[in-house]
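The residues making up each chain are set out below.
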Amino acid sequence: MLTHFNYLHEIKYMNTLEYFPGELVSHTWEDSTLLCRSANIALLKVEVLTSEIIRIRYATRGYFQNDFSYAIDEKFERNAGEVCLEENDSSLTIITSAVKCRINKSDLKCTFLDLDDYVVNKEEKGFHWEYDNATGNDIVQMTKHVYPSEVYYGLGDKPTDMNLRGRKFENWGSDCYGYEWGTDPLYKNIPFYYGLHGGIGYGIFFDNSFRTYFDFASERDVAASYWAHGGEMNYYFIAGPELMEVNKRFARLTGTHDMPAMWSLGFQQCKWSYYPEKEVRSIAKSMRDYKIPCDAIYLDIDYMDGFRCFTWDNERFPDPKKMVDDLREDGFQTVVIIDPGIKIDHEYTVFQEGVEKGYFLKRLDGTHADGKVWPGECYFPDFTKPEVREWWADLYKGLIDEVGIAGVWNDMNEPALFEVESKTMPDDVLFDYDGNTCSHRKAHNVYGMQMARATYEGVKKHGDNKRGLIITRSGYAGLQRYSSIWTGDNISTWQHVSIANIQSQRMAISGVSFSGSDIGGFIGKPTPDMMVRWIQLAIFHPFCRVHSSQDDGDQEPWSFGEEKRELFREAVELRYRMLPYHYTAFYRHHTTGEPILRPLVFIDQHDTNVHDRNHEFLCGDHVLTTSIHEEDAKNIDVYLPSGEWYDYWTGKVSRGSREVTVELTPSTFPFFIKAGAIIPFYPLQQYVDEIVIEEVELKVYYTLGKETSYLYEDAHNGYEYEDGDIRYTTMHYNGTAEQLSITQEVEGAFMPTYKQYRIKLIGMPDTSRVVTVDGKEISSEDVIIPITFIELIIKW
Ligand code: MIG
């Protein structure tokens, strides 16, 4: 193996070989950055970004490429804290207040250790590269050591087991109509994973937008590798040891969702497609008639004039503004789809403008990149160019400001093309990449994210201080700063209920909490039982929308018989009653980065029983559920994490760290609440802010011990929350053998419409009791207390 060479031509003509960095010849250490020169042309840069986040870059040509990333949040602040460099004969070691990074002098391999010198992550073959004659790029590769017990998580929307060990993956955003278990690559590109061994978790974020690959001990049992077909070996090591902390640090690096308007956490109904206007109105009316709470209705591609973005089919929708206003009056927000393909039509102003201003993608030879999608032959905006994003943002003025659309759904943005084998653009399409001109090979995986970003900016700019909802099908790491996601064209099968569950959890731990599936399945028609089980799962998914192609029949909540309609309604009602819980969990995500959905391994990483559990998950801090995957299921085994758990339906308490069997009825499903939790419930509404809420119910689940719960409130829309116009309540629960006390701390001066809480005590020792609020005795029958209370004590 060749490890020493000095000239570029040597790599060029020996393209079948793998190249490795040479031995260290010199180094500099400045501003918490270590730069190592090796005996050959390779360089290594180690940057301490925070005490837990270390960035590693290797250059293969003697210089680093321009440092630019779409993933990293511009708000991210580097703060290395206390850090020092130690040197001995064989290595250099960077020591932060949380982690050590040791670099071998002989081969520039890096090892990450915790402060007790436990090896968290080390290299096997380490960094190496191959020269790719076909493209002139280097294929940059990293091979890490795998521990016998090591397990892996993350990587976005992969439809497979939670634990990725033993599998290989590719990131290349693809339109995967009717994908199945194991289909890969899929729509999203999130090159971020977690490793866990010996109870210690860490994260690796390989920030490279070329086609990337990940292998978790599939080719070789001792090796986990990741590589890219171009670009740099540029990755972030994120220390734990808790997986939840790794997640938060990844969120610090790549950002979190804005607070959504509360309505966008409500139930949403979609179909390909509702038209004409009469049909849209009738769906809305049925929702209200059947009393199925609902906040949004969607228009798929058929609302447009010949699929031309930013136009309306005037026959189907003669007066869009009137329709949207009337729907809003009745509590429905309207969301419309917008695709990236702009129809080649010289009479169409968006097309004309795009051509005149040079906003459409071109190929290397200067001709426009065209491709067939819904409108026929199209050109495609270069969303990686700031000027184009601004233009695109302003195209929303009509839809948002003038018509009153509240949300935009971006589809087909992998980008997807019809009738070509690659299902996407050729490699030689050129992109601006924010001033770092490159080919489609590098820009493909960020295209959808940059489209969503331009959409986000437009909806925000023209949305009259309202929080808009953006939904995207494709995206890259960090997409959560702009958009929510849905999981694409799934199928009405029981296996897809399982996939929807796993994907939603996996997206959450990959930075994208605002996720959900097409409830009921996009392709096909679910059995009535499946439809109900699916919504019973999806009321715990932040993004909660029914969508279908309806080729095989209707998929509205009332399309499955009266009995199922009632069950569906009950599930959605539960979602609406629990909106303050979901909203609070979202605020926690927004501010701390913690995922809203949490696989059990993120709760109890020391319990090896949960390392391979796919389906049970926590929604927020205190609610556990799972999905049901068979027709007419009578019971299901559910693994509960450590602690005590209340069955929501029966009030029965089970000890965790083991499996329990849950009996199922058509209207009940696994739904557990952590003992000690305080869960807020709104009164039932048919849509968000339908009524002026005068009282919030707090269900208090008794236990011996302490627990913390939160409740967040703001105006449910608008951006004043960013300036602190919020009410963020922390409730401390403390249960002893004689009494239960709840104290609260409140942050922010926002006052909700309600002034009191109604306390429901669950699982309380059954003896007569004395209740005092802020020292005053009150009736123990109806515990109603002001939201400003400081201390509630119940003695028995
Ligand atoms: O080629 O807009 O995933 O949700 O309904 C299909 C029509 C295009 C794919 C999306 C789906 C949407 C459909 N779209």
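For the structure given in this document, a descriptive report is provided here. The structure displayed is predicted, hence computed values, not measured ones. (Residues numbered from 1 in each chain as written. Predicted model: local features only at pLDDT ≥ 70, side-chain atom pairs only at ≥ 80, totals over all residues. Heavy atoms only, no water.)

**Quick look at the overall build of the protein chain**
In plain terms, the rule: For the purposes of this entry, the term helix denotes a DSSP run of H or I that reaches at least four residues, the term strand denotes a run of E that reaches at least two, and both are numbered from the N terminus. Both definitions apply: the radius of gyration is a C-alpha atom measure, and the globule rule equals 2.2 Å times residues to the power 0.38. Burial status follows relative accessibility: with a 1.4 Å probe on protein chains alone, a residue under 20% of its type maximum counts as buried, one over 50% as exposed, and anything between as partly exposed. Contacts are residue-level and defined by heavy atoms, with any inter-residue pair within 4.5 Å sufficient. Per-residue and other accessible areas were derived by the Shrake-Rupley procedure at a 1.4 Å probe size, with only the shown protein chains allowed to occlude residues. His is not counted, nor are the chain ends; Lys and Arg add positive charge and Asp and Glu add negative charge. Taken as the charge location is NZ of Lys, CZ of Arg, CG of Asp or CD of Glu.
If you tally the helices and strands in the protein chain, you get 12 helices and 52 strands. The C-alpha atoms of the protein chain give 27 Å as radius of gyration, which agrees with the globular expectation for 796 residues (28 Å, within 12%). Structurally, the protein chain occupies a C-alpha span of about 85 × 70 × 50 Å along its principal axes. Split into buried and exposed, the 796 residues of the protein chain put 64% on the buried side. The contacts of the protein chain with a sequence gap of at least 6 include a subset with a gap of at least 24, amounting to 68%. If you sum the accessible surface of the protein chain, you get close to 28,100 Å²; carbon and sulfur atoms cover 46% of it. Distance between charge centroids for the protein chain: 1 Å, based on 80 positive and 124 negative side chains.

**Examining the environment of phenylalanine 214**
Here phenylalanine 214 is to be found in strand β16 (residues 212–216). The residues touching phenylalanine 214, leaving out its near neighbours within four places in the chain, are Leu155, Arg167, Lys168, Phe169, Asn171, Pro191, Tyr193, Phe206, Ser225 and Tyr226.

**What to know about the sheet that holds strand β49 (residues 770–773)**
Put simply, the rule reads: Two strands make a pair as long as DSSP finds a minimum of two bridges between them. Here an angle of 0 to 180 degrees is reported between the N-to-C directions of two axes, which are lines fitted to C-alpha atoms, with helices fitted over the stretch in contact.
Read across the sheet, 6 strands follow the order β45-β46-β47-β52-β49-β50 without closing on themselves; strand pairing throughout is antiparallel. What marks the edges here is a single partner per strand, and that holds for β45 (705–713) and β50 (776–778). Neighbour to neighbour, the strand axes of the sheet diverge by 20° on average, direction disregarded. Judged from the 8 bridges that link them, strand β46 (residues 727–735) and strand β47 (residues 739–747) form a sheet pairing that is antiparallel. Its bridge partner being in β47, tyrosine 733 is matched across the sheet by isoleucine 742. Against the sheet, helix α12 (residues 579–592) makes contact with β45 and β46, and its axis sits at roughly 90° relative to β45, the strand it touches most.

**Some words on a negative patch on the surface**
In plain terms, the rule: To count toward a patch, a residue needs a relative accessible area above 30% and no salt bridge. Like charges then connect within 9 Å, nonpolar side chains (Val, Leu, Ile, Met, Phe, Trp, Tyr) within 5 Å. Note on definitions: salt bridges are taken to be side-chain nitrogens of Lys or Arg within 4 Å of carboxyl oxygens of Asp or Glu.
A surface patch of negative charge is lined by Glu720, Glu722, Asp723 and Asp725. If you trace the backbone, aspartate 723 turns up in the loop between β45 and β46.

**Digging into the packing of aromatic side chains**
Defined as follows: Ring pairs shown here join Phe, Tyr and Trp side chains whose ring centres sit within 6.5 Å, with only the six-membered ring taken for Trp; geometry is labelled stacked below 30 degrees between planes, edge-to-face above 60, and tilted in between.
Within the structure shown, the criterion is met by 71 aromatic pairs. With a centroid separation of 5.3 Å and an interplanar angle of 80°, the aromatic rings of tryptophan 272 and tryptophan 374 are classed as edge-to-face. Remark: tryptophan 374 occurs in the loop between β24 (370–373) and β25 (376–379) and tryptophan 272 occurs in the loop between β19 (268–269) and α3 (277–289); sequence separation between them is 102 residues. When its relative accessible area of 32% is taken as the criterion, tryptophan 374 is described as partly exposed. Ring centres of phenylalanine 514 and phenylalanine 543 lie 6.1 Å apart, and the angle between their planes is 75°; this geometry places the pair in the edge-to-face category.

**Section: the side chain of aspartate 157**
Put simply, the test is: Identification of polar contacts relies on pairs of N or O atoms within 3.5 Å, with a donor-acceptor requirement for protein atoms, meaning one able to donate a hydrogen and the other able to accept it, and with residues adjacent in sequence counted only if both atoms are side-chain atoms.
The topology assignment puts aspartate 157 in the loop between β11 (151–154) and β12 (168–171). Classification of aspartate 157 as buried rests on a relative accessible area of 0%. At 3.1 Å, the side chain of aspartate 157 and the backbone nitrogen of lysine 188 are in polar contact. When near neighbours in sequence (up to four residues on either side) are disregarded, aspartate 157 contacts Leu186, Tyr187, Lys188, Gln503 and Met507.

**Comments concerning the site of the ligand**
Under the convention used in this document: Note on definitions. A residue lies near a molecule or strand when any single heavy atom of the residue is within 4 Å of it. All residues other than Ala, Val, Leu, Ile, Met, Phe, Trp, Tyr, Cys, Pro, Asp, Glu, Lys and Arg, Gly among them, are scored as polar; the first ten of these are nonpolar and the last four charged.
Taken together, 13 residues surround the ligand, and among them Asp300, Asp411, Arg473, Asp489 and His547 come closest. In the model, an oxygen atom of the ligand is placed 2.9 Å from a nitrogen or oxygen of the tryptophan 374 side chain. Taking aspartate 411, its side chain carries an N or O atom lying 2.6 Å from a nitrogen atom of the ligand. Protein burial of the ligand: of its 350 Å² of free accessible surface, 96% is covered by the chains. Of the residues in the shell around the ligand, the class split is 8 nonpolar, 1 polar and 4 charged.

**What to know about the nonpolar core**
Here is the rule we go by: The set of buried Ala, Val, Leu, Ile, Met, Phe, Trp, Tyr and Cys residues whose side-chain atoms join them within 4.5 Å is what this entry labels a nonpolar core.
Membership of the largest hydrophobic core comes to 204 residues, with the highest contact counts inside it found for Phe267, Trp392 and Tyr757. The dominant element in this core, judged by the number of residues it contributes, is helix α8 (residues 440–462), at 9 residues. Counting 47 residues, the second largest nonpolar core, distinct from the first, contains Leu34, Leu92, Leu108 and Ala224.

**Focus on unusual backbone geometry**
Along the chain, tyrosine 275 connects to proline 276 via a cis peptide bond; the corresponding omega equals -5°. Here proline 276 lies in the loop between β19 and α3. Following glutamate 414, the chain continues into proline 415 via a peptide bond in cis, with omega recorded as -5°. By the element assignment, proline 415 lies in the loop between β26 (407–410) and β27 (429–431).

**Notes on the environment of leucine 361**
Take leucine 361: it is sitting in the loop between α5 (349–357) and β23 (362–363). A C-alpha to C-alpha distance of 6.6 Å links leucine 361 and leucine 430, two positions 69 residues apart in sequence. Apart from residues lying up to four places away in sequence, leucine 361 is in contact with His368, Ala369, Phe380, Pro381, Asp382, Met425, Val429, Leu430, Phe431 and Tyr447.

**Quick word on the state of the cysteines**
Applied cut-off: Disulfides are defined in this document as cysteine sulfur pairs within 2.5 Å.
Enumeration over the complete set of coordinates arrives at 0 disulfides. In this structure cysteine 270 is a free cysteine whose sulfur lies 11 Å from that of cysteine 294, the closest cysteine sulfur available. Take cysteine 270: its relative accessible area is 1%, and that puts it in the buried class. Counting only cysteine sulfurs, cysteine 294 is the nearest neighbor of cysteine 544, a cysteine outside any disulfide, at a range of 9.4 Å. The class for cysteine 544 is buried, based on a relative accessible area of 1%.

Any functional reading would require information that these geometric values do not contain.
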